[in-house]
Amino acid sequence: QVQLVESGGGLVQPGGSLRLSCAASGSIFSNYTMGWYRQAPGKQRELLATITSGGRTNYADSVKGRFTISRDNAKNTVYLQMNSLKPEDTAVYYCNAFRILMNREYAYWGQGTQVTVSS
């Protein structure tokens with residue numbers, strides 16, 4: 001079991017930066033691949049970035065070069081550094097933990113944090 005709590009969202013101007021945090025508890029954090037998703041009103045939930053337990057990363061084209069995912073296993077926390085923010089980045093951002101154990105998938109979600117990019 002993993003419990004996830006996102007923080008760091010808020011209002012930021014276009015071109016600005018924001019860092020989101022996702023604190024995990026309840027299980028061994030380092031066993032999981034971590035991801036960040038976002039969902040804007042009326043839109044599908046979009047996968048933005050993933051990072052494996054070994055530190056391998058992958059990014060959606062929409063955020064590649066602007067966003068950076070990282071993790072600190074000692075702090076049981078995953079981060080999303082967001083730079084050069086655009087109004088179209090406005091959404092609720094969600095943290096996800098994922099693993100496969102004995103051919104069974106386990107996935108957990110945080111409650112989300114609102115990011116609004118506006119002048």
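Above this note sits the structure.
The text that follows walks through the structure, step by step, so that each part is easy to find. These numbers come from a predicted model, not from an experiment. (Residues numbered from 1 in each chain as written. Predicted model: local features only at pLDDT ≥ 70, side-chain atom pairs only at ≥ 80, totals over all residues. Heavy atoms only, no water.)

Counting its regular elements, the chain contains 0 helices and 11 strands. Counting helices and strands in the order they occur from the N terminus, the chain gives β-β-β-β-β-β-β-β-β-β-β. Relative to the globule expectation of 14 Å for 119 residues, the C-alpha radius of gyration of the chain, 14 Å, shows essentially globular dimensions. Within the chain, the fraction of its 119 residues that count as buried is 39%. Considering only contacts within the chain whose residues lie at least 6 apart along the sequence, 53% involve residues at least 24 apart. Summing over all exposed atoms, the chain offers an accessible surface of approximately 6,500 Å²; the carbon and sulfur share of this is 47%. Between the averaged position of the 12 positive side-chain charges in the chain and that of its 7 negative side-chain charges there is a distance of 4 Å. (Helix = DSSP H or I, 4+ residues; strand = E, 2+ residues; numbered from the N terminus. Rg over C-alpha atoms; globule rule 2.2 N^0.38 Å. Buried < 20%, exposed > 50% of the residue type's maximum accessible area, 1.4 Å probe, protein only. Contact = heavy atoms within 4.5 Å. Areas by Shrake-Rupley, 256 points an atom, 1.4 Å probe, with all protein chains shown as cover. Lys, Arg positive; Asp, Glu negative; His and termini not counted. Charge placed at Lys NZ, Arg CZ, Asp CG, Glu CD.)

The subject of this paragraph is the sheet that holds strand β1 (residues 3–7). Pairing is antiparallel in the open sheet, where 4 strands are placed in the order β1-β3-β8-β7. Because the sheet does not close on itself, it has two edges, and the strands there are β1 and β7 (67–72). Strand after strand, the sheet turns through a mean of 15 degrees between neighbouring axes, direction not considered. Of the strand pairs in this sheet, strand β3 (residues 18–25) and strand β8 (residues 77–82) are connected by 6 bridges, and their pairing is antiparallel. Looking at β8, one finds that Leu20 is bridged to Leu80. (Pairing = 2+ DSSP bridges. Axes fitted to C-alpha atoms, helices over the stretch in contact; angles between N-to-C directions.)

To continue, consider the nonpolar core. Side chains that are nonpolar tend, in soluble globular proteins, to be buried together. Counting 30 residues, the largest nonpolar core has Leu4, Met34, Trp36, Val78, Leu80, Met82 and Tyr93 as its most contacted members. Every element with two or more residues in this core is listed here: β3, β4 (33–39), β5 (46–51), β7, β8, β9 (91–101) and β11 (113–117). (Core = buried A, V, L, I, M, F, W, Y, C linked by side-chain atoms within 4.5 Å.)

Glancing now at the side chain of Glu6. Along the chain, Glu6 turns up in strand β1. Reaching out from Glu6, the side chain makes a polar contact with the backbone nitrogen of Cys95 at a distance of 2.6 Å. Within the structure, Glu6 has its side chain in polar contact with the backbone nitrogen of Gly112 (distance 2.9 Å). (Polar contact = N/O pair within 3.5 Å; in protein donor to acceptor, adjacent residues only side chain to side chain.)

This part takes up the state of the cysteines. For the structure shown, the criterion picks out 1 disulfide. Sulfur-sulfur distance for the disulfide between Cys22 and Cys95 comes to 2.1 Å. Torsion about the S-S bond of the Cys22 and Cys95 cystine: about -85 degrees, corresponding to left-handed handedness. With a gap of 73 residues between them, Cys22 in strand β3 and Cys95 in strand β9 connect regions that are remote in the sequence. Owing to a relative accessible area of 0%, Cys95 belongs among the buried residues under this scheme. (Disulfide = S-S within 2.5 Å.)

Just geometry here; none of it tells us what the structure is for.
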